[in-house]
Number of protein chains: 6
Amino acid sequence: MPKCSETRSNLISLLRGVEHFNSEVFPAKESLFSDLASGQSPGTLFITCADSRIHPNLITQTEPGDLFILRNIGNIVPAYGEMLGGVSSAIEYAVLGLGVNSIIICGHSDCGAMKALLPANQASLEKMPTVKSWLRNAEAAAAAALNDFTAEDAGPAIVRSLAEHNVLLQLAHLRTHPAVAAKLARNTLTLQGWFYDIGSGEVSILDEKTRRTTSVAEALKELELSAETQA
Amino acid sequence: MPKCSETRSNLISLLRGVEHFNSEVFPAKESLFSDLASGQSPGTLFITCADSRIHPNLITQTEPGDLFILRNIGNIVPAYGEMLGGVSSAIEYAVLGLGVNSIIICGHSDCGAMKALLPANQASLEKMPTVKSWLRNAEAAAAAALNDFTAEDAGPAIVRSLAEHNVLLQLAHLRTHPAVAAKLARNTLTLQGWFYDIGSGEVSILDEKTRRTTSVAEALKELELSAETQA
Amino acid sequence: MPKCSETRSNLISLLRGVEHFNSEVFPAKESLFSDLASGQSPGTLFITCADSRIHPNLITQTEPGDLFILRNIGNIVPAYGEMLGGVSSAIEYAVLGLGVNSIIICGHSDCGAMKALLPANQASLEKMPTVKSWLRNAEAAAAAALNDFTAEDAGPAIVRSLAEHNVLLQLAHLRTHPAVAAKLARNTLTLQGWFYDIGSGEVSILDEKTRRTTSVAEALKELELSAETQA
Amino acid sequence: MPKCSETRSNLISLLRGVEHFNSEVFPAKESLFSDLASGQSPGTLFITCADSRIHPNLITQTEPGDLFILRNIGNIVPAYGEMLGGVSSAIEYAVLGLGVNSIIICGHSDCGAMKALLPANQASLEKMPTVKSWLRNAEAAAAAALNDFTAEDAGPAIVRSLAEHNVLLQLAHLRTHPAVAAKLARNTLTLQGWFYDIGSGEVSILDEKTRRTTSVAEALKELELSAETQA
Amino acid sequence: MPKCSETRSNLISLLRGVEHFNSEVFPAKESLFSDLASGQSPGTLFITCADSRIHPNLITQTEPGDLFILRNIGNIVPAYGEMLGGVSSAIEYAVLGLGVNSIIICGHSDCGAMKALLPANQASLEKMPTVKSWLRNAEAAAAAALNDFTAEDAGPAIVRSLAEHNVLLQLAHLRTHPAVAAKLARNTLTLQGWFYDIGSGEVSILDEKTRRTTSVAEALKELELSAETQA
Amino acid sequence: MPKCSETRSNLISLLRGVEHFNSEVFPAKESLFSDLASGQSPGTLFITCADSRIHPNLITQTEPGDLFILRNIGNIVPAYGEMLGGVSSAIEYAVLGLGVNSIIICGHSDCGAMKALLPANQASLEKMPTVKSWLRNAEAAAAAALNDFTAEDAGPAIVRSLAEHNVLLQLAHLRTHPAVAAKLARNTLTLQGWFYDIGSGEVSILDEKTRRTTSVAEALKELELSAETQA
Ligand SMILES: [Zn+2]
Ligand SMILES: [Zn+2]
Ligand SMILES: [Zn+2]
Ligand SMILES: [Zn+2]
Ligand SMILES: [Zn+2]
Ligand SMILES: [Zn+2]
């Protein structure tokens, strides 16, 4: 039993939430969940930050069963190598086991992991050695992003720049995974980078080749055009 | 541009979802997101499977900002040691950086990772060496669970048993992380194991000491009772 | 040839000890050693510190062939994971290869490894980076034990508290090894934690559930009672 | 409580051994243990196998406080490198922390680890993957020893040859550790390889340069001679 | 002393080569070597295969002091991550310590490492487990290249295709190293991929964006044009 | 296109070198290269530093096809163990795949890696953490070499001493690789240590047993003598 009242009221609130879900929400989705009880076939692997402010299904207005969701701090994908862990195995499982046709890496504004990479915040990172070691996988993004700013910069602009460079770096890491490379070569998989701004709710699409951002509207236009052309 | 029409229509649907979120859903939550734009203070670290059928915020009826969410295949927490990756860093960040007061590990029915651990399914795992290596972190759960079943068993009962043993194992792993151990010693952190049944929408609470399951109603009764006693 | 006279006299003394063993001690045990020459079947895996003051066979009054003995600094058992070394392999060998029916982890008073974990002694650890890295496997014990003491404490009480927390942590690590978990599930293996006080020669038994210590006499009484009950 | 009667009687016997030690043995050694209660200064680091038939203090007729003892399967010392564990840290601690003046690596007859390296026994090793991985540190010894035998050989002669090559290999590994190399350069540390034959109780000394074995008597003669010469 | 006459005559020939170098070749380059005796400042880090048929300085007609040369099997650059070894350290040293302004990765025809990646040759790789593990760093290239060929293909065309995909993959890995990313962001470093055909002596330049090959003549024309434009 | 004129002129010069090689040098060696187009059978694995001032083929006056060449900073060979990378795989490939009959490790004067190991230069190493970690494989050489010098020494004498100790250490590491150990036991492989002085062009041979250096002339005399004796 938690001795601290704050913990207790937090757990009570979560469990009441479950009760509410069971009595008020689940009945309306009963047939969907019944269909899903014995299998899943999501089209997309969605990789994003563990940040509490990001709801992949809310942002994309998707239902249970649509997105296979991998979350860690900084939406990081270590490059394929000799040291393989949770991210690599989830990618392998999603691509080879589930056969997803797209992978989205979604970074976001005000990301704690990105802020921890700023020179101005190195001291706070010393107390968290495991976080520091994990963020080595984003160091090349920091090296690139910091080039455009001064060493004292720590505002939203540099955090956004870093988050965008980071999404592009993680997409490059993603391409080093054999399962991904094989499907890309066969044109049966598409990778996409997103940046999500918490305050405005807006998503920008990051282009790997041009390293520029596009709006959702523009990205949609392009996709619809290409659909017509090939039809 | 994706050449495959299935990928294209999938991406179009996700981006239209984002547009719908922006125009129809976001406005009603604008002030919440505006408050969250420059910071988060979630009370709970919620660790669950990447499975597309699990929506932590739907199940717990929580809002953006409430749950710091870590997802990988099999809701696994490698024990603390010399090899530290995404899970260890997220725990360190949640406990030391964000100061969460509770950690929930949530397993589920029909889990692909659990099924991959069954002797009957070893062949399919050979094609996914990284998944196989990752699942070593759940081997002790398999060793324990398989004791009650025959080698051919592969139905929902053994999968559920394995998922439950796995949640208990991952809770034990969690206790080996120094940041967690320190807060447990000070009684400022509570760990809880959940099992979520996709078909029925029901959550069971797993008791680490008795290794039995409790209903949400019972768990709530106990928590409320203890709140009164201490008040 | 050692150039230093201290080394030389040390080696001479050890080799004379061997000669004495051969001429005076071995003859009386010749038939035991002859039986053991082609095989061993120890009942217990005994894990303890490399400390020169601990003699497992003396303390337990056992003969050659009785205890399979694993020794390292701090009687540490890294949790099962991706990085497996000498301890993990000895456990696997003892449990699967030799079929031991019990594993004892024995900590002790005035343990150098435990003292090295105290905040007051961090400086001395800087010169021994490998020791520092090895002791990460005991960090969660330190985090828990230090909670009851001040940062300056470095006396026998905190060292003993740390050693006891450490034995409990290593027992928890032991349970994460699949070979151990499988036999525990079948009730064919028992784990026990000991604390040995060098000055008094006394052993205390650590209870994993209550986290309290029991005397040898009490532990014996319980075991004998349970033997009668089941008989 | 152990449910299996074999385990129970084993634990009862060990705890009665402790009681016997306390009442009958300890009193005679009380002043020695009292002196040792607050510190140790062993002259030798003794590295040997976890095998239950080896009693370092019995063989060398030494007392508590004399030997710092490291034990694992196969008396293995991984070479110094990027992956450092229990053995490396014990060496660093013994050499830098305790200042031992000699290190003895002691192999033995009928060693299970050596037998596991024989081509004839590969099948049995498949069930123990962690042991297999640990024994990579002895592979170069196997490669050298097997050269003199046929692939079917599995008798005492090849096991002894392998154990001797293994002691020489582990001595070479020992020399790659910086703390050891530094003291060797200053002539303040001596390394020695031993082979212990369980059935006869005899110890042979292995010469690293000539790769031949010497008797204890011969080794003693040489040491005593060199003592006189330098005196 | 080598007992085998083949080894002996090989060593004699190499040492006579050194004598010939000392008496006939060195004198003419004495002032160059004298200048180089106390420092180097190479402009390029040249990464190529250990293959005996490749002479970087012969192919590029460069002198001692011009190319910092890193060679391993398959001209592989593991992606930056938690496991860093010889290649990563050489890159860091070349970029940060020596300040090279360009890095060339040079693959070649008939590469044994590339051939080992072909499905048709998997059996031969089983005897070389370390090589197999190292080649994981080229697996994504194999996955992509094999897409255009049948499983039985093992001729020069597929080996060349694989070698080219591999150079492109290793260039992508190179971009994940922070030291490289930082200098690329500042436009003070250029990466280039080469394919060298042993039989014809021809070098082709691989374009990372278009994934096409260019001749040396074309590459030169482009470089000279851009030099004029910017002048 | 490189924006920096220095990079551009460097690349232009290298590519013009290739053109010169193609038109002026290759024709004279066409038949050699044509023979080599489909296979290599080098007699020697030559391991040396990446330093731009070392040309293995120039020093030994060898042709393409003669030396299988492995280069990294500090001519380092990590000991065989659980962490195997580029060097280990190249050794395995050279010994088992190509069947070389000799391995030469060649250190050199003014080596940047050796200088980085000196206490006087520790500060500069802090900016290159990967280099620092790689040089752990040479730490035992530094520990031994520094014994003869003061902590401030940083001149050519200590650098040479360190480079020589390092070659001897890497030869010891080489012997821990099973493929090497097996062929050494069969007397079908010879190891040799070299030290190359850049300013004078002289090579010294390092004797592993005596830890002394010999001139090339002496080494040749011994080899020729032993050839006659055995003939
Ligand atoms: Zn974030
Ligand atoms: Zn799952
Ligand atoms: Zn101790
Ligand atoms: Zn043994
Ligand atoms: Zn090659
Ligand atoms: Zn060098």
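Preceding block: the structure.
Report on the accompanying structure. (Residues numbered from 1 in each chain as written. Chains lettered and ligands numbered in written order. Predicted model: local features only at pLDDT ≥ 70, side-chain atom pairs only at ≥ 80, totals over all residues. Heavy atoms only, no water.)

So, about the overall build of chain A. Tallying secondary structure elements over chain A gives 10 helices and 6 strands in all. Its C-alpha atoms put chain A at 60 × 55 × 40 Å along the principal axes. Put simply, chain A has 231 residues, and 61% of those count as buried. Across chain A, the fraction of contacts at a sequence separation of at least 24, relative to all contacts at a separation of at least 6, is 65%. Taken together, the 18 basic and 25 acidic charged side chains of chain A have centroids lying 5 Å from each other. (Helix = DSSP H or I, 4+ residues; strand = E, 2+ residues; numbered from the N terminus. Buried < 20%, exposed > 50% of the residue type's maximum accessible area, 1.4 Å probe, protein only. Contact = heavy atoms within 4.5 Å. Lys, Arg positive; Asp, Glu negative; His and termini not counted. Charge placed at Lys NZ, Arg CZ, Asp CG, Glu CD.)

Turning our eyes to something else, we now look at a positive patch on the surface. A contiguous patch of positive charge, built from Lys209 and Arg211 of chain A together with Lys209 and Arg211 of chain E, is present on the exposed surface. For Arg211 of chain A, the position within the fold is in the loop between strand E5 (203-206) and strand E6 (213-215). Assessed through its relative accessible area of 52%, Arg211 of chain A is described here as exposed. (Patch = residues over 30% accessible without salt bridge, like charges linked within 9 Å, V, L, I, M, F, W, Y side chains within 5 Å. Areas by Shrake-Rupley, 256 points an atom, 1.4 Å probe, with all protein chains shown as cover. Salt bridge = Lys/Arg side-chain N within 4 Å of Asp/Glu carboxyl O.)

Once that is clear, we can look at the interface of chain B and chain A. On the side of chain A, 101 residues touch chain B, which itself brings 100 residues to the contact. Note on chain B versus chain A: buried area summed over both sides is about 8,700 Å², and carbon and sulfur give 64% of it. For the pair chain B and chain A, the interface holds 2 salt bridges. Between Glu224 of chain A and Arg16 of chain B there is a salt bridge, with the nearest N and O atoms lying 2.6 Å from each other. (Buried area = accessible area lost by both parts, 1.4 Å probe.)

Time to look at the coordination of the zinc ion (ligand 1). Residue and element names in this part refer to chain A. Taken together, Cys49 (SG), His108 (NE2) and Cys111 (SG) make up the protein donors of the zinc ion (ligand 1), found 2.0 to 2.2 Å from the metal. Expressed as a motif, the donor residue spacing for the zinc ion (ligand 1) is C-x58-H-x2-C. Placement of the pair is Cys49 in strand E1 (residues 44-49) and Cys111 in the loop between strand E3 (102-108) and helix H4 (112-116), with a sequence separation of 62 residues. (Donors = N, O, S within 2.8 Å, 3.2 Å for Na, K, Ca; no water.)

With that settled, consider the coordination of the zinc ion (ligand 3). Protein-derived ligands of the zinc ion (ligand 3) are Cys49 of chain C (SG), His108 of chain C (NE2) and Cys111 of chain C (SG), with the metal-ligand distances lying across 2.0 to 2.3 Å. Under the relative-accessibility criterion, His108 of chain C is labelled buried at 1%.

With that out of the way, let us pick up the packing of helix H3 (residues 86-98) of chain E against helix H9 (residues 178-185) of chain E. Packed helix pairs are specified by the crossing angle of their axes together with the interaxial distance, meaning the distance between the axes. All names here are of chain E. Between H3 and H9, the least distance of the axes is 9 Å, while the angle of their chain directions is 35°. The two elements H3 and H9 meet at a crossing, and its hand is left-handed. For the pair formed by H3 and H9, the contact residues are Ile91, Val95 and Leu96 on the first element and Ala179, Val180 and Lys183 on the second. A class-by-class count of the residues in the contact of H3 with H9 yields 5 nonpolar, no polar and 1 charged. (Axes fitted to C-alpha atoms, helices over the stretch in contact; angles between N-to-C directions. Left-handed = near helix turned anticlockwise from the far one by under 90°. Nonpolar A, V, L, I, M, F, W, Y, C, P; charged D, E, K, R; others polar.)

A word on the packing of aromatic side chains. By the definition in use, this model includes 30 aromatic pairs over all chains. Here the aromatic rings of Phe21 of chain A and Phe26 of chain A are separated by 6.0 Å at their centres, their planes lie at 75°, and the arrangement is edge-to-face. There is no split in this pair, since Phe21 of chain A and Phe26 of chain A are both buried. Where Phe46 of chain F meets Trp194 of chain F, the ring centres are 5.7 Å apart and the plane angle is 85°; that geometry is what we call edge-to-face. Of the two residues, Phe46 of chain F is situated in strand E1 (residues 44-49) and Trp194 of chain F in strand E4 (residues 190-196); the sequence distance between them amounts to 148 residues. Residue classification places Phe46 of chain F among the buried positions, given a relative accessible area of 0%. Within the aromatic cluster, the residues linked to one another by ring pairs are Phe21, Phe26 and Phe33 of chain A. (Phe/Tyr/Trp six-rings, centres within 6.5 Å; stacked < 30°, edge-to-face > 60°.)

Now for the relation of the copies chain B and chain A. For the pair chain B and chain A, the superposition axis carries a translation of 0.0 Å, the fit reaches an RMSD of 0.0 Å, and the rotation angle comes to 180°. What we have between these two chains is a two-fold relation. Residues of chain B ranked by C-alpha distance from the rotation axis are headed by Arg71 of chain B, positioned 2.4 Å from it. Looking at the interface residues of chain B, 100% of them are also at the interface in chain A, so both copies use one shared face. (Least-squares fit on C-alpha atoms with pLDDT ≥ 70 in both.)

Moving on, we come to the side chain of Ser109 of chain C. Residue and element names in this part refer to chain C. With respect to the helices and strands, the residue Ser109 is situated in the loop between strand E3 (102-108) and helix H4 (112-116). Note on Ser109: relative accessible area 10%, which makes it buried. In contact with Ser109, not counting residues within four places along its chain, are Arg53, Phe195, Tyr196, Asp197 and Ile198.

A separate point is the pattern of salt bridges. In the structure shown here, the tally under the stated rule is 48 salt bridges over all chains. Three or more residues are tied together by salt bridges with common partners; here these are Asp51, Arg53, Asp110 and Lys115 of chain A.

The next subject is the pairing of E3 of chain C. All names here are of chain C. Extensive coverage of E3 is indicated by the burial of 7 of its 7 residues. Judged by which residues are buried, E3 turns out to be covered on both faces: Ser102, Ile104, Cys106 and His108 on one side and Ile103, Ile105 and Gly107 on the other are all buried. Bridge count for strand E1 (residues 44-49) against E3 is 5 bridges, and the pairing is parallel. Within E3, the residue paired with Ile47 across the bridge is Ile105. With 7 bridges connecting them, E3 and strand E4 (residues 190-196) associate as parallel partners. Looking across to E4, one finds that His108 is bridged to Tyr196. (Pairing = 2+ DSSP bridges.)

The subject of this paragraph is the environment of Val25 of chain B. Tracing the sequence through the fold places Val25 of chain B in helix H1 (residues 5-36). Once the C-alpha coordinates of Val25 of chain B and Val159 of chain B are considered, the two residues, 134 residues apart in sequence, prove to be 38 Å apart. Beyond its immediate stretch of four places on either side in the chain, Val25 of chain B contacts Leu58 and Gln61 of chain A together with His20 of chain B.

Glancing now at the arrangement of the chains. A gap remains between chain C and chain E, with no contact made and the closest C-alpha atoms lying 13 Å from each other. The smallest C-alpha distance separating chain B from chain F is 13 Å, and no contact links them.

With that out of the way, let us pick up the environment of Leu58 of chain B. With respect to the helices, strands and loops of the structure, Leu58 of chain B is situated in helix H2 (residues 56-59). Taking the C-alpha atoms as reference points, Leu58 of chain B and Leu96 of chain B, separated by 38 residues in sequence, lie 27 Å from one another. With residues near it in sequence (within four places) discarded, Leu58 of chain B still touches Phe21, Val25, Lys29, Phe33 and Pro64 of chain A.

Residue and element names in this part refer to chain B. Counted according to the given criterion, the structure contains 0 disulfides over all chains. Left unpaired, Cys106 is separated from the closest cysteine sulfur, that of Cys49, by 9.4 Å. With a relative accessible area of 1%, Cys106 lands in the buried category. (Disulfide = S-S within 2.5 Å.)

A few words now on unusual backbone geometry. Its identity as a non-glycine residue notwithstanding, Asn75 of chain C has a phi of 40°, on the positive side. Of note, Asn75 of chain C is situated in the loop between strand E2 (67-72) and helix H3 (86-98). Owing to a relative accessible area of 1%, Asn75 of chain C belongs among the buried residues under this scheme. The phi torsion at Asp110 of chain E lies on the positive side, around 55°, for a residue other than glycine. One can find Asp110 of chain E in the loop between strand E3 (102-108) and helix H4 (112-116).

Each α-helix turn comprises 3.6 residues. Residues three or four places apart therefore point the same way. Counting buried positions over the 8 residues of H9 of chain E gives 6, a clear majority of the element. Restricting attention to buried positions, one finds in H9 of chain E the residues Pro178, Ala179, Val180, Ala181, Ala182 and Lys183 of chain E. Where the residues of H9 of chain E are buried, they touch helix H7 (139-145) of chain A together with H3, E3, helix H8 (156-174) and strand E4 (190-196) of chain E. Looking one or two places after H9 of chain E, you find Asn187 of chain E, whose phi comes out positive at around 60°.

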